[in-house]
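# Coordinates in review
Next come the chains, spelled out residue by residue.
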2 protein chains.
Amino acid sequence: MIRILNAELEKLLAMRDPIILWEAMRYSVFAGGKRLRPQLLAGACLGLGGSIEEALPFACAVEMIHTYSLIHDDLPAMDDDDLRRGMPTSHKMFGQGMAILAGDGLLNLAYETMLAACGSMGDKMGRGVKAASILAKAAGSSGMVAGQSVDILSENKKIDERTLLYMHANKTSALISASLEAGGILAGCGASCAKSLKEAGEKLGLAFQIRDDLLDITETTENLGKPANSDLKSNKSTYVSLFGIERAKADYERLSLESEEALGGLDWKDGFLLGLARKMHKGVPQKAE
Amino acid sequence: MIRILNAELEKLLAMRDPIILWEAMRYSVFAGGKRLRPQLLAGACLGLGGSIEEALPFACAVEMIHTYSLIHDDLPAMDDDDLRRGMPTSHKMFGQGMAILAGDGLLNLAYETMLAACGSMGDKMGRGVKAASILAKAAGSSGMVAGQSVDILSENKKIDERTLLYMHANKTSALISASLEAGGILAGCGASCAKSLKEAGEKLGLAFQIRDDLLDITETTENLGKPANSDLKSNKSTYVSLFGIERAKADYERLSLESEEALGGLDWKDGFLLGLARKMHKGVPQKAE
């Protein structure tokens, strides 16, 4: 699956002019991301009866949206990170102006890619438009952009539990949940199936974030590694610092279980998606306390 | 027309949480822009037999795309402008981080708006998807983002004529041309009509930019005012500084005439679009030399 995704991303991001812009876009897309969100989208689509051809453009788009958000989040005016996955961040490599443009370019390309796909879907065009709408909502100012704006407003402040949950829901869960739902929609799943995917995704996303916060504390970040969008810093509030390690572990277990139950109730044609969801939960220390 | 556009933008940008993000998005959208691109889109659509209802979401989207590009172009890492249309730029009002996010929010909202519109277009959905595709291509890394990246790479350098034409084509003409073409597509115009709109828009856009450069020199910026996306600075090469004032004037006259001829050959149901194109040409000094 990852090989197919990377090959398609290579095609969509084939080098062209202006060289430095496309180099910057490629640099971040091929910087070792685990392709989690596109796998969730494609896995949901295939597992529910859709085809890889239908899923691929949308899966690549979701990875571009994710990558654009990382590039912009890392900027000095935001989280000011010099490293991402052990490599210099985009603005460290290409300068701030080009990093902003690389992000803008990827975001636009994500929509260009989805719209082009919609245009050749024939009588399934409605599914494509719906899937793209769901991803747009998750990416935008009622989703990831909203979450990040609350994040930068909370910088160096003590935040309350509600604010942390809002940030996690919008920065992390929104796109994970939208990936699952969009995959289902592309496969033609009905409203109740789409709702299950959405809700499972929200829980999966929050569990994934809590796992990150727990791993951060216990420093056992081998296994699957930290979520790619981790921007937790020592001066930032985390699920663990606000709710305590016991509550974090209990919530994590509950959310993981609930998301697996919600996904398990659907009519899967293969085991890929459930396996992937389970893999996302691996690596949490059994005795974190 | 402008009143209808503003009313629709008000609806799409109705205040919501997070307050500061939406305030920043609204600030730039309602900062006195002349709504040129959305008028071109809606004017082309209506004049070729489409309805205002069909045009509005796409017209608003094109204004959001234009505004996002202004916010990001003004950033310190790009053109570093403190003022835009006599008012503090977004990052001066809200800080750099929030300005980047306001731009990101507007860009996403543009696509959200177009995709939502496509979703309710029934058997005309294909037109909506095509129109959105055209705008996405013009906005992205083969259009405006490409133009801006060449622009920041050319900062404080002497550029050649080819580079200036590339920048003008991508930064200014691309979205103007796409607005006209998308409007026609939404009205259901055929391939040859769409081609005429596209080519007329490219010429109209370049003429508009040369007019800006001419007005910049002669400082007669009353009349229609300078194009909203003017970011010319004294240390930047312009059409006039590279080609000379005589050649600039001659090219301007020729392009204006050619664009009007191309538009004049189409089967318009009203005179709005041709009137608007003519207004875009007003204000160039007759004796600039």
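Residues numbered from 1 in each chain as written. Chains lettered and ligands numbered in written order. Predicted model: local features only at pLDDT ≥ 70, side-chain atom pairs only at ≥ 80, totals over all residues. Heavy atoms only, no water.

## What about the side chain of Ser154(A)?
Residues and elements named next belong to chain A. Of note, Ser154 is situated in helix α8 (residues 144-154). Among the polar contacts listed, one links the side chain of Ser154 to the backbone oxygen of Val150, at a separation of 2.6 Å. With sequence-adjacent residues up to four places away left out, Ser154 is seen in contact with Ile159, Thr163 and Met167. (Helix = DSSP H or I, 4+ residues; strand = E, 2+ residues; numbered from the N terminus. Polar contact = N/O pair within 3.5 Å; in protein donor to acceptor, adjacent residues only side chain to side chain. Contact = heavy atoms within 4.5 Å.)

## Observations regarding the relation of the copies chain A and chain B
Placing chain A over chain B gives an RMSD of 0.0 Å and needs a rotation angle of 180°, together with 0.0 Å of translation along the axis. Accordingly, the operation relating the two chain copies is best matched by a two-fold axis. A share of 100% of interface residues in chain A that are also interface residues in chain B marks the association as one of identical surfaces. (Least-squares fit on C-alpha atoms with pLDDT ≥ 70 in both.)

## Observations concerning the interface of chain A and chain B
Taken together, the contact pairs 46 residues of chain A with 46 residues of chain B. Here chain A and chain B share an interface that buries about 3,600 Å² over both sides, 73% of which is from carbon and sulfur atoms. For chain A, the biggest contributors to the area lost against chain B are Asn108(A), Leu115(A) and Ser141(A); these three give 18% of the whole. Remark: the boundary between chain A and chain B carries 0 salt bridges. Counting across the interface, chain A meets chain B through 6 residue pairs in polar contact (both at pLDDT 80 or more). At 15 residues, the largest contribution of residues to the side of chain A that touches chain B is made by helix α6 (residues 96-119) of chain A. Tallied by class, the residues present in the side of chain A that touches chain B amount to 28 nonpolar, 13 polar and 5 charged. (Buried area = accessible area lost by both parts, 1.4 Å probe. Salt bridge = Lys/Arg side-chain N within 4 Å of Asp/Glu carboxyl O. Nonpolar A, V, L, I, M, F, W, Y, C, P; charged D, E, K, R; others polar.)

## Regarding helix α13 (residues 272-281) of chain B
One full turn of an α-helix is made of 3.6 residues, so residues set three or four places apart face in the same direction. Along α13(B), the residues classified as buried are Leu273(B), Leu274(B), Leu276(B), Ala277(B), Met280(B) and His281(B). Looking straight down α13(B), one finds its buried side chains confined to an arc of 160°; they lie on one side. (Buried < 20%, exposed > 50% of the residue type's maximum accessible area, 1.4 Å probe, protein only. Arc of directions from axis to C-beta.)

## Considerations on the confidence of the model for chain A
Taken over all residues, the pLDDT of chain A has a mean of 91, while the share at 70 or more is 91%. The low-confidence segment residues 220-233 of chain A (pLDDT under 50) makes 47 contacts with residues lying over four places distant or belonging to another chain. (pLDDT = per-residue confidence, 0-100.)

## What to know about helix α7 (residues 125-139) of chain A
The end-to-end C-alpha separation of α7(A) is 21 Å, in line with the 21 Å expected for 15 residues at 1.5 Å each. Of all the residues in α7(A), the buried ones are Met125(A), Gly128(A), Val129(A), Ala131(A), Ala132(A), Ile134(A), Leu135(A), Ala136(A), Ala138(A) and Ala139(A). (Expected span 1.5 Å × (residues − 1).)

## Here we look at unusual backbone geometry
All names here are of chain A. Pro18 follows Asp17 through a cis peptide bond whose omega is -10°. Here Pro18 lies in the loop between α1 (2-12) and α2 (19-29). With a phi angle near 60°, Asn156 is a residue other than glycine that sits in the positive phi range. Relative to the assigned elements, Asn156 resides in the loop between α8 and α9 (161-186).

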